[in-house]
Structures are given as structure tokens and as C-alpha cells.
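# Observations on chain architecture
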Amino acid sequence: MLSWWLPENVATYGQDIDWLFHLIYWITGGVFVLVIVTFLTFLVLYRDRPGRRARYTHGSTPLEIAWTVVPTLILVVLTFLSVPAWSRIKMQMPPSDLDVVVTAKQFNWQVAYPGPDGRFGTADDKTMLDEMHVPVGKVIHVRLRSQDVIHSFFVPQFRIKQDAVPGREIVAWFEAVKPGKYEWPCAELCGFGHSGMRGWVYVHTAEDYAKWAAENATGAQETPKR
Amino acid sequence: MSAVSAAYVDTEHAEHHELGFLRTYVFSTDHKMIARQFLFLGLFMMILGGLLALVIRWQLAWPETAVPGLGWILTETEGILEPSTYNMAFTMHATIMIFFVVMPILAGAFGNFLIPLMIGARDMAFPFLNMLSFWVAALAGVLMLAGFFVPGGHAAAGWTSYAPLSSVTEYTGVNWGQNLWCISLFVLGISSMMGAINYITTVVNMRAPGMTLFRMPLVVWSLFITAILLLLALPVLTSGVAMLLFDRMLGTSWFRPSGGGEPLLWQHLFWYFGHPEVYILILPAMGIGSEILPVFARKPIFGYHAMAFSMIAIAFLSWIVYGHHMFVSGMNPTLGLSFMITTMIIAVPSAIKTFNWLGTLWGGRIRFTVPMLNALAFVSMFVIGGLSGIFMASTPVDIFIQDTYFIVAHIHYVVFGGSIFGAFAAIYYWFPKMFGRMTNPALGHLHFWPTFVFFNMTFFPMHILGVGGHMRRIYNPTQYEMLQPLQWWNVLITIGAIGLGLAQIPFVINFFWSLFAGRKAPVNPWNATTLEWSAPSPPPHLNWGPRLPTVHRGPYEYSVPGSSEDFLPQWEPSSAVPAGARRH
Amino acid sequence: MVSAFSVVDAPARGPARRTTGGDLPPRLPPPGGDGDGPDREPDPRRPILDNARLATLFLIVAEVMLFAGLVSGFFVLRLGAPVWPPPLEPRLPVAATAVNTLVLLASSVAMLAARRALAERDLAALARRVGVTAALGALFLTVQGFEWVRLVRFGLTVSSGAYGSTFYTLIGAHALHVLVALLWVLLTLQLIVRGRFSPDRPGMMRACAMYWHFVVLLWPVLYVTVYLL
Ligand code: HEA
Ligand code: HEA
Ligand code: CUA
Ligand SMILES: [Cu+2]
């Protein structure tokens, strides 16, 4: 249902987000129908006609209490339902199977693998532009940096978005469940090249990934040493 | 109507009418003239901001083709937008619409016009300061427009101007454009501070006899609260743009990481201002809705006190929700959780208001005049905009929809569907009082219906685009494979936007035609109860004759049982009160 | 001066706030009149604060928000810095500024004394004390100016990183406010000296005093934040 609306989800926590999205969709949709139907009914029923006199009332305390309390309850429940997904995505990251350092700059994504020594920041680091290769079913930690302005790491099909802020490193994570090639735009205005600052994330099967990693000497087959 | 307006004699104050042209129309200290000046400023800027929107829309529907008519201005590219020009276009579209259209019209024009007239004062507390506040705002407008003519073009870092994109010239290539953006908003901050001080002082100190706080019309409440928010929020923006300007011009390091600065500081300061700001944009419209609905439903407002208190609650809460703009900015995720809770809670006062508006309609005798239609559009469209806010308030969902067209849809449902429909309603409703002439209802309908239809055709599909992953602020969506199948929506939206633009033409015609040739307005054309309708149309300098109206009751006494008329003005003496009326 | 700003600023006369006609039993209309009672003008309400002081109060509230923005910016940068003050930057003149702080506080005391003179309707003393206030304020600004010159010579400039940025922005913003307040005080002083001031209409004078106390009391906060913490 409604799946034509959202792009196909191919990451683990994407379902949590989609589930909440649909939940809110039904709640707000219900509220909307309720409000608009009442609204239109009143407009038709109580339109001005000769001889009609409006009801003289300044309000109704029970009603007003009801429509304060009910929305409050709905919203509070919604808040609590949102907490688990948020903490899963942002607060309790699973341990990493593979680290990549992504450095954003006007107007490219620089993707760095640690190289054969398994460490970042050494001479044998392997960097590539606008493409990221990851194995399927593994937790990937994306260590986001920026060289100049704020950019935003956005892969719609993973339901992930995280700004890259100059002067700090921010870690985002995902675990893809389906091999493929996924579009990877920049989602924060970063200058005249913002539109078109775009990379691709390649999700490989385990074998394909091992092959790719060996060919490119990325040294990123195993869990990185920190 | 009442003795007050009928017995209008202007003897004592006659000399005030002999002010020269300059003192009457240009450097006037009369709150009503200043209101008209703000209104013209806002309407003029609206054409500009709207045309910029159409330029944006053209580029999005038919990327990199020449925009009709733009060849005159962009001679080098023969009317084809470049990416940097596109960024400039939406930056200035939003800046102009928010700071120079909605704020001048709602807070500036209607704040000035309505506060003294509705509380029964002769003018603002400080008429001279009031005049100054308009001219300083006009100066800010000139500075903002000047940015279009400097080399390097105007500011192009979004209306939010996130540092360091905005704080370092090399990142955008914009030099004086961004500087002028900062200076203009700094100057505008001073203007709105003067205005806010004036409004607050006037409401606190200058109410007519009998006008207790809880007899004030809700629109005065809303403007009063708006003024408090302006007073508290704008200085924070002022401090932020000062830092930004210093970073750009003096080489300070407020937002420069290499010098020990912090880019996110800008976002905190901006949104600490920015969120109260969006309520500054909507609160007056809420007040206007609460004013017009009772008049044309011929019913007292439902839950007056709840209406006033919910606006106060919104004002309080608006200070502690600003972090919902920064869920994915790298801010501490625990903070994100607390901002989610407060953001959800701030929807509650809006819920109260919505249901009270419905309650006002219930059992009424509804007349579909042009102001009423616009007010009804305000209520229904604001609900859509508000409900889309709930999606974003949920932090996990916002991860996906942040910076997509879902946000753009939300923005326009609340600011156009909310504030601009509110402004239209107010203009149609108070035009007779402001200019002494009625507007033309036929042209009014010709304006309202296409606007309403094209508005939805333009902005509703943006939800769908956003959920499809369409980023905002992109120059050319067809560069993305995932967006290519969605491109036809962009075409549809643009056609809607052009329709929306054309739909404003009857409004412009109506406005100017009525200004000079409209039917002369009676004192109280809508049979309304609030004090401004006891002054002549248009009210003279100092508003009432030697005698100020005295207030005898609350503002919404419609269809009182036992009275022959279906409305009981606030200024009507108490002996006329039938037994059925509620006494406040 | 005040009257030039405000149309209805007449001192409160008549009964305190007449709340309502609606709640009272209907009164007889005045003879020959057609209204609902005696003419209620001038304003029968007795405001808690006159317009001028109320407005100044709100001006101060806005200024507090401005400085709240600046000070919280300062804290963000300061807490984000590994060491503060950063090594190799000149130290701020803590002691000299402490003395200068006392100068500024003294000016506030002079202003309080001026208020007493106002209450006693002693215009000569009022002028003298307002003059002392202005002089102390000017002294404060001068000393600040000298210190800035020295600091710049030692190499602390606006562009020396977060330290210089925050210092000059915050302290400069305050200095600017003292300057404006000083001009206001001088304007008031000039009115008093030229005999254009009447103790019956003290609104302007009191508003000016309020604003002066505000810029003075703001200073210790900034001193502690920027110099001591
Ligand atoms: C007039 C302006 C206005 C108003 C009134 C609002 C009102 C609200 N806004 Fe909006 N907002 C903007 C203008 C406004 N906003 C702008 C301009 C931006 C973008 C800035 C930028 O990035 O450029 C923005 C962005 C924005 C974001 C950030 C999105 C992002 O960038 O990721 C969020 C997130 O929470 C948000 C939430 C809300 C909420 C919850 C409300 C609530 O106040 C809405 C409350 C109203 C209702 C909910 C409807 C009526 C209620 C009922 C019918 C009752 C029942 C309802 C339920 C039980 C659900 N807004
Ligand atoms: C009050 C605020 C306001 C208003 C009224 C509008 C009105 C409109 N807005 Fe805007 N908009 C914003 C506030 C507003 N907007 C903000 C805050 C942003 C975010 C900016 C950012 O990302 O930094 C934004 C961004 C924004 C975008 C996204 C740009 C992007 O992210 O790349 C788009 C795209 O479609 C858009 C379109 C429109 C349209 C078609 C209108 C229409 O409603 C305009 C219709 C009006 C007219 C056309 C004017 C009337 C014209 C006449 C009277 C003259 C006669 C007409 C003709 C000759 C045709 N707006
Ligand atoms: Cu990088 Cu947008
Ligand atoms: Cu907000």
C-alpha cells in the first residue's frame, strides 16, 4: 500500500521509518478527513438562508477539553512510537563491519578506504570519487567529513540522511539488504554545484565485494582496526 | 449607528488636516497612513517575490530553457538560468516573501491599522517612532533590492543562509549580495523592534475605557503576541547576522572552523529566531480568521478564552521547538528527542484553534462573502500545512523527508495557505475601513476561486515529489535518474504556479479600481461589532471625534437572543443589552 | 520631548480604571447628552508605567535577547575550544578592567543620586549628578579604548581566531551601547541645563536612567563571561 509513493527501501532500518511514515499518514489522513468533512458539512448545513438565526453560544467547556486532550494523547503516543527508531538509527549504532571515510567537498563525494594496512590517514589509503562500494548485509559506518561547506549524505533508498559539517566528523550507518546501484545525492545546499553533486553507492554480494576489494587494494575486507 | 460615530464632529483637531502633502502621505505619523504604506510595500514586494517563484518554477519544469521575458535581464545567457542564478532566485524569493511581504502586510499594515482602532486609541503610543519604523523598513527593502544590482549577484545561500556557505565569499562567489542581505536584515531588525515596542506599549497602556484584556478582539491579541515574539526573536537574528557580517567583512571566526568557529552555531541562532518567526507569520492570520469567521457566521467566536490562551501557549512553546530544523544537522541526537516532544506538543494549541473555528461555524448563518471565503480557505489550508508538520516532527521520518519537496509543500501550505490567504481575507474585510470604498465582489470571486484551485494544484503535488525523494534547492531535477520518472509532476506544478500568478491579476485590478472608483463604504458595512466599525470610513486623523468610544462588552456578540439586530457592538451602551447576552 | 512622541501621554487623572459599563446598572444619560455617561476623555485608566518607561523596559528586553545571542555564541565557541584562552594570544587586562568596572558602577550610583534630586525637585543637583554620570561613562569608554589599542598592538585582533572574534564582538557591542546611552544622557543633560525639563514630566529622564542602569548592569555579566571565565 502506498509503496508506489516512497522509493523502494533497501536498508534495514528503512522499514521502521516507512512504518512510522504510514502510521502518521493514516493518523493525519484521518484527522484531515474528519476536519474537512465536518467543515464542509457545516458550510452546507449552516449557509445563510432567509429566516435562519444563528445559535448563540460562547463555547462548551467539555467539548473544548475533549479536543485538547485527545490530540495531546495521540501526539504523545506518536512521540513514544518514534523513539525506538530514532535511537536505533542515531543513538545506539551497531558495531561496524566496515568503515568508510566520506569527505564532502564542493561538489564531490570523496570516498576513502583504509588501504592494505587497514588504517585511515596513511599513504596507502585508497580514495575514489563519487562512488562507494559496500557489501550487502554488513553494517557500514560512514564517517562524514567536509572540506568546505555543509553537505548532506542522502541515499533515498536507504532512508538515510546526515549532514557533513566542516570541522567535525559525524558517523552515520546503514546496512543494505539488496545488492544494486543506488543514487546518492547531496541534500544540503552547498553552492552552485549542489544540484548534480551526486554519487552512486554500489551494494555488492559478499563474493563480488571481496573481488572488488582485492582488485582495488582497499584493505577493507575485514573489520577495521581502530 | 451609535451616538459616537453619528455625533462625529472634528473641531478640536481640525488643524491636523492641514498638514502638507509630505506630512500627510509620506512622512505621516498617522497609524492608518503608515499601515497603508506597509500594505503597499508588501504588495509591491509580493509581485517581485511571486515573479521570482515563477522563474524558479519554469526552470524546474523545463530545465535550462530560456525563461520567457527573462532574456531582457539575463542578456548574456538569453534568459537561460545558470545554477548560481537559480540559487539566488529561491534565496531571494523566500527572503522577500517572508521579510518583505508577509511581515509588512500582516504585522506592519494590519498591526498598525487595527491595534489603535480596535482598542479605541487615537493613535499608537509613539507616532513618531511608528513613522520611523516604516521608513527604516523601507530602507531595509531598498538595501535588499540593491543586492540585485551588485557584481557577483545577490545572496544565494538559501533564506536560511547556512554558514560557512554564506560566511565565506569564495564558496558562492557572492560578495556584496550576501553582505547587503545581512545589512538589510540588521536594519529590518531595528525597524521591527521599534514597531514591536510601539504595539506592546499601545496595547498595554492605551485601551479605551472598558476595554479589558479579555474584551480585546482576538486579532488584537494575536498582534500583541506577535509583537512580543518580534521583540524577543528579531534581536537573536540581529546578533546572528552581525556575526555573519563580521565573519565576511572583518575576518572574525564565529563560523569558521579553521579559526575555532562553529558552523552549527549559525543554525542554532538562526532557528532560535526562525521558529518563532514562522509563528510571527501565522499568528496574525489566525487572529484575522478568528475575526472574520464570527462576523460572517453571525455567531460569537467559539471558546474566546481558549483562543487567546492557545495563542499564548504557541508563543511560549515556539521557543523550545526550534531544534526540529536540525534533526540531521549533527546536533546531539538526545536533543533531537526532546525537540520532537515539544514539536508534537505545539500542535495542540493549533488543534484547539482549529476545532474552535469549526465550533464557530457550527449552527451559524454563514455568508460566503469574499473575505469569508478567504478566511475559510485559510482554516482548511492551514490544517493541511499543519498536519504535514507532524510528519516532520517525528524524527525518524524527518531523516528521510528533510530537505525534500515535502518541506517545500509544508512551507507553502502554512505561509501561502495560512498567512497569504489570511492577508487576502484581511484586505477584503478591512478595505472599506482602510480606504473608504468597497471592493468589487465579482472580481473578488474571480480572484479567490482560481487562486484556491491553482494553489492546491501547485503545492499539493509537492508532497508526492518530496516523498519520492525530490530534494529541494536543486537546479535541475532531470540530472537525477531517480527523479526522471517524476518530472511530469514538476511540469504540472509549474502550470499550476503560472495559473496562480495569473489569478492574482483580478486582485490587482480590483484593488486599484476600488481604490479610486469603488462604491463608497458605509461606516459598518459588515454589521460587525468591534470598535473600528464605529469610526468613519476611512477614519480621520485621531480616529474618533472629541469623544472616544466606551466599551461595554466582549467583541463577538452576534445573534444575541432577544435583540432585534443580530449584532451588538462593543460600543453600544449597556441599557440596550437584552437579557440574553452574556456579560463578561 | 515626550509629548513630541506621544499623543496620549497625559498624566493619569480621574478614577483608576473604569472597567465596564456593561456590568453596571444602566445609568441615566447626562442631561442633553446622548451617550452613556460623562465624556471619558482624557484617558481614565491609570497605567502601571507611563509610556516612555514601559517602552524603555521593552527596549531593554530586546537588548537582553541580543546579548543572549552573543553570549551563547561565545559559550559555544569557548566550550568547543580545546584550551581557553588559546595559547600564544595576549592575556586580557583583568585587573585594569576590574577598576574600570568600578568606574562604570559608580556612574550608576551617580544616576541613582540624580533620581533622588529629581524626587526633591532640585534641578541644579540633578544637572550636576547627571553630569557626573556622563563623565564616568565617558571615562569608562576612554579606558576601554586605550586597552583595545594596547591589545591590538600586542597582536589580538578581530581576526585572531575565536578568541579575538568573541572578545571584540561582545565587548564592542557593549561599548556601542554605552556610547548610545551616553548620548542619551547628554541629551537629557542638555535639556535640564537649558531649562527645558520639568520635574512634572519626568518620563524621559526616568527612561534614560533605566537604560543607563541597563548598560551598566550588563557590563559585570560580560566582564565575568569574557574576562574571568
Ligand atoms: C507559518 C509558518 C509555519 C507554521 C505555522 C508551521 C507549523 C509547524 N511546523 Fe513548520 N516550517 C515552516 C513554517 C511553518 N511551520 C517553514 C517556513 C519551514 C521550512 C524552513 C526551511 O527549512 O526553509 C518549516 C519547517 C518545519 C520543520 C523542519 C523540517 C525539516 O527541515 O526537516 C518541522 C519539523 O518538525 C516543522 C514542523 C511544524 C509543526 C509541527 C507545526 C505545527 O505548528 C502545526 C500545527 C497544526 C496542526 C497539526 C493542524 C491543526 C490541528 C488539528 C487538525 C488537530 C489534530 C492533529 C493531530 C492529532 C495530529 N516545520
Ligand atoms: C510567504 C512566503 C512564500 C510565498 C507566498 C511563496 C510563494 C510561492 N512559492 Fe515559495 N518559498 C518560500 C516562501 C514562500 N513562497 C520559502 C521560505 C522557500 C524556501 C526557500 C529556500 O529554500 O531557501 C520557498 C521555496 C520555493 C520553492 C522551492 C525552491 C527550491 O527549493 O529549489 C518553490 C518551487 O516551486 C517555490 C514556489 C512558490 C510559488 C510558485 C509561489 C506562488 O504562490 C507565488 C504566486 C504569486 C505570484 C506569481 C505573484 C503575483 C503576481 C502578480 C500579482 C503579477 C501578475 C502575474 C503574472 C504576470 C504571472 N517556493
Ligand atoms: Cu553538496 Cu549540496
Ligand atoms: Cu520550526
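### Quick look at the site of ligand 2
All names here are of chain B. Every one of the 34 residues lining ligand 2 counts as a neighbour, but Arg 57, Tyr 86, His 93, His 412 and Arg 473 are closest to it. Between ligand 2 and Tyr 405, the relevant distance is 3.4 Å, taken from an oxygen atom to a side-chain nitrogen or oxygen of the residue. Counting only elements with at least two residues in the shell around ligand 2, the list comes to helix H3 (31-61), helix H4 (83-119), helix H14 (405-435), helix H15 (441-467), helix H16 (487-502) and helix H17 (505-517). Here the residues of the shell around ligand 2 sort into 25 nonpolar, 6 polar and 3 charged.

### A word on the sheet that holds strand S1 (residues 98-105) of chain A
All names here are of chain A. Overall, mixed pairing links the 5 strands, which are arranged S3-S2-S1-S5-S8 in an open sheet. Where the open sheet ends on each side, the last strands, each with one partner, are strand S3 (126-129) and strand S8 (170-174). Sheet twist, expressed as the mean angle between neighbouring strand axes with direction ignored, is 25 degrees. As paired strands, S1 and strand S5 (residues 140-146) are joined by 7 bridges and run parallel to one another. Each residue of the ladder has a partner; that of Val 100, found in S5, is Val 142.

### Focus on the interface of chain B and chain A
Many analyses report the size of an interface as the accessible area lost when the parts associate. On the side of chain A, 79 residues touch chain B, which itself brings 99 residues to the contact. Summed over both partners, the interface of chain B with chain A comes to about 7700 Å²; 71% of that surface belongs to carbon and sulfur atoms. Its salt-bridge partner being A:Asp48, residue B:Arg365 comes within 3.3 Å of it at the nearest N-O pair. The tally of links between chain B and chain A comes to 30 residue pairs in polar contact (both at pLDDT 80 or more). For the side of chain B that touches chain A, the secondary structure elements donating two or more residues are H4, helix H9 (263-297), helix H10 (304-317), helix H11 (333-361), helix H12 (370-393), helix H13 (395-401) and H15 of chain B. Broken down by element, the side of chain B that touches chain A gets its largest block of residues, 17 residues, from H11(B).

### Section: the arrangement of the chains
By contact count, the leading pair among the 2 pairs of chains in contact is chains A and B. The two units chain A and chain C are non-contacting; their minimal C-alpha-C-alpha distance is 11 Å.

### A word on the site of ligand 1
Taken together, 32 residues form the shell around ligand 1, and within it B:Trp159, B:Tyr279, B:Asp398, B:His410 and B:Arg472 come nearest. Lying at an intersection of chains, ligand 1 is approached by residues of chains A and B. B:Tyr279 is positioned with one of its side-chain polar atoms (N or O) 2.4 Å from an oxygen atom of ligand 1. Within the backbone of B:Ala393, one N or O atom sits 3.4 Å away from an oxygen atom of ligand 1. Tallying contributions element by element places H12(B) first for the shell around ligand 1, with 8 residues. Residues belonging to the shell around ligand 1 are distributed by class as follows: 21 nonpolar, 9 polar and 2 charged.

### Concerning the pattern of salt bridges
As enumerated under the stated definition, the model contains 18 salt bridges over all chains in all. The salt bridge involving A:Asp48 is made with B:Arg367; its shortest N-O contact spans 3.4 Å. Of this pair, A:Asp48 sits in the loop between helix H1 (14-45) and helix H2 (61-91) while B:Arg367 sits in the loop between H11 and H12, which puts the two residues in different chains. Its relative accessible area of 25% is what places B:Arg367 among the partly exposed residues.

### A few points about the coordination of the iron atom of ligand 1
Residues and elements named next belong to chain B. In this structure the iron atom of ligand 1 is ligated by exactly one protein donor, His 410 (NE2), at 2.1 Å. The copper ion (ligand 4) is placed at 4.5 Å from the iron atom of ligand 1. Tracing the chain through its elements places His 410 in helix H14.

### Re unusual backbone geometry
Leaving glycine aside, a negative phi is the common case for residues, and trans is the common case for peptide bonds. A cis amide bond links A:Gln106 with the next residue in sequence, A:Phe107, at an omega value of -5 degrees. Turning to its location among the elements, A:Phe107 is positioned in the loop between S1 and strand S2 (108-113). Put simply, B:Ala163 and B:Pro164 share a cis peptide bond, and its omega is 0 degrees. Along the polypeptide, B:Pro164 turns up in the loop between helix H5 (127-146) and helix H6 (169-172). With a phi angle near 60 degrees, A:Asp130 is a residue other than glycine that sits in the positive phi range. If you trace the backbone, A:Asp130 turns up in the loop between S3 and strand S4 (131-135). Of the residues examined, A:Asp130 reaches a relative accessible area of 18% and is grouped as buried. At B:Asn527, a residue that is not glycine, the phi angle is positive and equals roughly 50 degrees. Looking at where B:Asn527 falls in the secondary structure, it is placed in the segment after H17. On the basis of relative accessibility, which here comes to 29%, the residue B:Asn527 falls in the partly exposed class.

### So, the sheet that holds strand S10 (residues 198-204) of chain A
All names here are of chain A. Spatially, 3 strands are ordered S4-S10-S9 in an open sheet, and the strand pairing comes out mixed. Pairing within the sheet leaves two strands with one partner each, and these edge strands are S4 and strand S9 (180-185). Direction aside, the axes of adjacent strands within the sheet are offset by 25 degrees on average. Pairing between S4 and S10: 5 bridges, direction parallel. Across the sheet, Glu 131 pairs through a bridge with Trp 200, a residue of S10. Sitting on the sheet, helix H3 (residues 206-216) touches S4 and S10, and the angle it makes with S4 is about 130 degrees.

### Details of the layout of surface pockets
Left-over empty space is what a probe sized like a water molecule reveals as it rolls over the atoms. Considered as a void within the structure, the largest pocket measures approximately 1400 Å³ in volume. Lining the largest pocket are 44 residues, with B:Met193, C:Leu59, C:Glu63, C:Val180 and C:Tyr211 sitting closest to its centre. When contributions to the lining of the largest pocket are tallied by element, the ones reaching two or more residues are H5, helix H7 (176-205) and helix H8 (218-249) of chain B together with helix H1 (2-5), helix H2 (51-80), helix H5 (161-193) and helix H6 (203-228) of chain C. Here the element with the most residues in the lining of the largest pocket is H5(C); it accounts for 12 residues.

Here is what the cut-offs are and how they apply
- Residues numbered from 1 in each chain as written.
- Chains lettered and ligands numbered in written order.
- Predicted model: local features only at pLDDT ≥ 70, side-chain atom pairs only at ≥ 80, totals over all residues.
- Heavy atoms only, no water.
- Near = heavy atom within 4 Å.
- Polar contact = N/O pair within 3.5 Å; in protein donor to acceptor, adjacent residues only side chain to side chain.
- Helix = DSSP H or I, 4+ residues; strand = E, 2+ residues; numbered from the N terminus.
- Nonpolar A, V, L, I, M, F, W, Y, C, P; charged D, E, K, R; others polar.
- Pairing = 2+ DSSP bridges.
- Axes fitted to C-alpha atoms, helices over the stretch in contact; angles between N-to-C directions.
- Contact = heavy atoms within 4.5 Å.
- Buried area = accessible area lost by both parts, 1.4 Å probe.
- Salt bridge = Lys/Arg side-chain N within 4 Å of Asp/Glu carboxyl O.
- Buried < 20%, exposed > 50% of the residue type's maximum accessible area, 1.4 Å probe, protein only.
- Donors = N, O, S within 2.8 Å, 3.2 Å for Na, K, Ca; no water.
- 1 Å grid on protein atoms, 1.4 Å probe; cavity = no way out; pocket = protein on both sides within 12 Å on 5 of 7 lines; lining within 4 Å.
- Points joined across faces, edges and corners; volume = space filled by probe spheres on them.

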